[in-house]
Amino acid sequence: MALVLGVVALVHYYLWHRLIRSTTRPGRIRRVLTWILVGLGVLAPVTLIGSRSEWGHSLAWPGFFWLAVMFYLFVFLLVLEIPRALAVLTLGVVERGAGRWNPSAVVARRMARTAALADQSAPAGQSVRADQPLPAEQPVPVAHAGRPAEGSEAGPDLMGRRLFIARTAAVVAGAGALTAVGTGIRTALGDPVIESVKVTLPKLDSRLSGLRFAVVSDIHLGPLTGTRHTERIVRMINSLEADVVAVVGDLVDGTVAELGPLARPLRSLESRYGAYFVTGNHEYYTANGPQEWIEELRGLGIRPLGNERVEIAHAGAVLDLAGVNDVNGAASGDGPDFERALGGRDRSRSTVLLAHQPVQVVEAARYGVDLQLSGHTHGGQMVPFNLVIPLQQPMVSGLGEMDGTQVYVTRGAGFWGPPVRVGSSPEITLLEIQN
């Protein structure tokens, strides 16, 4: 948490430097804007801390909205640093040139000296020419350290141009951030996309070919979602008429007491061979741990697979469907146990594994799993986080393979933190296996 607080503080200082200090002059307006940004800077970490507690739910909308705007202001301002630096550099060249040689000032001084000489007594019949040699001219004041020299006519214009560059960058960044967040909110709160995927499993019994899974992950029931969020997901899954429903973790961001009513529509899930659930990392973040949700889901007709497997009998053939706990459960002695879930099975059968994090495919491949279904990544949720995810996970989204085991990573049907999705729409997957 100390690292998060440090990062938030540094980002807010950068925003202050670029959006306030560089665009305003010292005075009341700058002070007011500074204190507003300080308040938003305090709101950000308080929201992150309080979002997992009931007392912090009232801060969820303003706090997470600002976190999203803050993030994209930071991104856009960083992108604008290069053109901004080039503009300032160009202006500096112009400013230095204007300081050393200001044609208007030189002409004015010559005219003044000529007039002064004309007033002086001169020999009879001798006139004073404008081009005759004059006493040594005083050097034109030169601007230093980016400030115009006194008496330089170009100074005020150049200072105005510097302020114009800073304000233009701030306006562009602000417009870009608000546009990204606005469209991202609409995407996050809209209907998930139905992704239809066919996966070929080489050793699949031909009688199982065509078996269909409705895969959903990262629903994230929480303070920013309502019952309609769950009802919509259930309605869309039921419209797929799948054989198996797989809920692969991160269902909730709170306790049963807080969010139980939001989960109740899940009792209406329909499929031929049932609905199954494995824990995600967020189930272990809840105040009472994952066990209360495991029992709650049993009561809603969803079968938890806690390091275990079941047989799916279809058209006279059998498929092993296994599930392992999320890796975050290891800290409390409830982590993934691949041996318990997959050991001793008939390896001539095809096996589909439910595991929340894609990285778990490394262990799944050692047990000869044919296909792993995962979530966790949200597809990045907010660009450019999709570029960071590969540092931790082998895949961001879609279908891939590792050591002979295929893995499908769904982008998730909800969101975590800011109700914003940019470059990664919510997803429910209809996955069909074939031989």
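Note that the structure is a prediction, hence the values are computed from the model and not measured. (Residues numbered from 1 in each chain as written. Predicted model: local features only at pLDDT ≥ 70, side-chain atom pairs only at ≥ 80, totals over all residues. Heavy atoms only, no water.)

Engineer: Looking at this structure, how should I read the environment of Ser-350?
Structural biologist: Relative to the helices and strands, Ser-350 resides in the loop between α9 (338-342) and β8 (351-354). Counting along the chain gives 18 residues from Ser-350 to Gly-368, while the straight-line C-alpha distance between them is 9.0 Å. Here Ser-350 is in contact with Lys-203, Leu-204, Leu-319, Asp-320 and Asp-370, once residues within four sequence places are set aside. Only 3.5 Å separates the side chain of Ser-350 from the backbone nitrogen of Leu-204, close enough to count as a polar contact. (Helix = DSSP H or I, 4+ residues; strand = E, 2+ residues; numbered from the N terminus. Contact = heavy atoms within 4.5 Å. Polar contact = N/O pair within 3.5 Å; in protein donor to acceptor, adjacent residues only side chain to side chain.)

Engineer: How should the sheet that holds strand β1 (residues 193-200) be read in this particular structure?
Structural biologist: To summarise the sheet geometry, strands pair through backbone hydrogen bonds and adopt either a parallel or an antiparallel arrangement. Reading across from one edge, β1-β12-β2-β3-β4-β5 is the order of the six strands in this open sheet, with mixed pairing throughout. Looking along the sheet, the strands with just one partner apiece sit at the ends: β1 and β5 (302-304). Neighbour-to-neighbour, the strand axes of the sheet open up by a mean angle of 25°, direction not taken into account. By the bridge criterion, three bridges tie strand β4 (residues 275-278) to β5 in an arrangement that is parallel. For Tyr-276, the partnering residue across the bridge sits in β5 and is Arg-303. Contacts from helix α8 (residues 291-299) reach β4 and β5, with the element oriented near 145° to β5. (Pairing = 2+ DSSP bridges. Axes fitted to C-alpha atoms, helices over the stretch in contact; angles between N-to-C directions.)

Engineer: Please explain the packing of aromatic side chains as it appears in this structure.
Structural biologist: Working definition: an aromatic ring pair is given by the centre-to-centre distance plus the angle between the planes. Enumeration according to the criterion identifies six aromatic pairs in this entry. For the pair Tyr-14 and Phe-74, a centre-to-centre distance of 5.5 Å together with 80° between the ring planes defines the contact as edge-to-face. Here Tyr-14, found in helix α1 (residues 2-21), pairs with Phe-74, found in helix α3 (residues 60-100); they are 60 residues apart in sequence, far enough to count as distant. According to the relative accessible area criterion, Tyr-14 is buried, its value standing at 16%. The exposure class of Phe-74 is partly exposed, given its relative accessible area of 25%. Through a chain of ring-to-ring contacts, the aromatic side chains of Phe-71, Tyr-72 and Phe-385 assemble into a single cluster. (Phe/Tyr/Trp six-rings, centres within 6.5 Å; stacked < 30°, edge-to-face > 60°. Buried < 20%, exposed > 50% of the residue type's maximum accessible area, 1.4 Å probe, protein only.)

Engineer: Before we go on, may I ask you to explain the side chain of Asn-238 in this structure?
Structural biologist: Looking at the element boundaries, Asn-238 is found in helix α6 (residues 227-239). The exposure class of Asn-238 is buried, given its relative accessible area of 17%. Of the polar contacts made by the side chain of Asn-238, one reaches the backbone oxygen of Ser-268; its length is 3.0 Å. Once residues within four sequence positions are removed from consideration, Asn-238 is found in contact with Ser-268, Leu-269 and Glu-270.

Just geometry here; none of it tells us what the structure is for.
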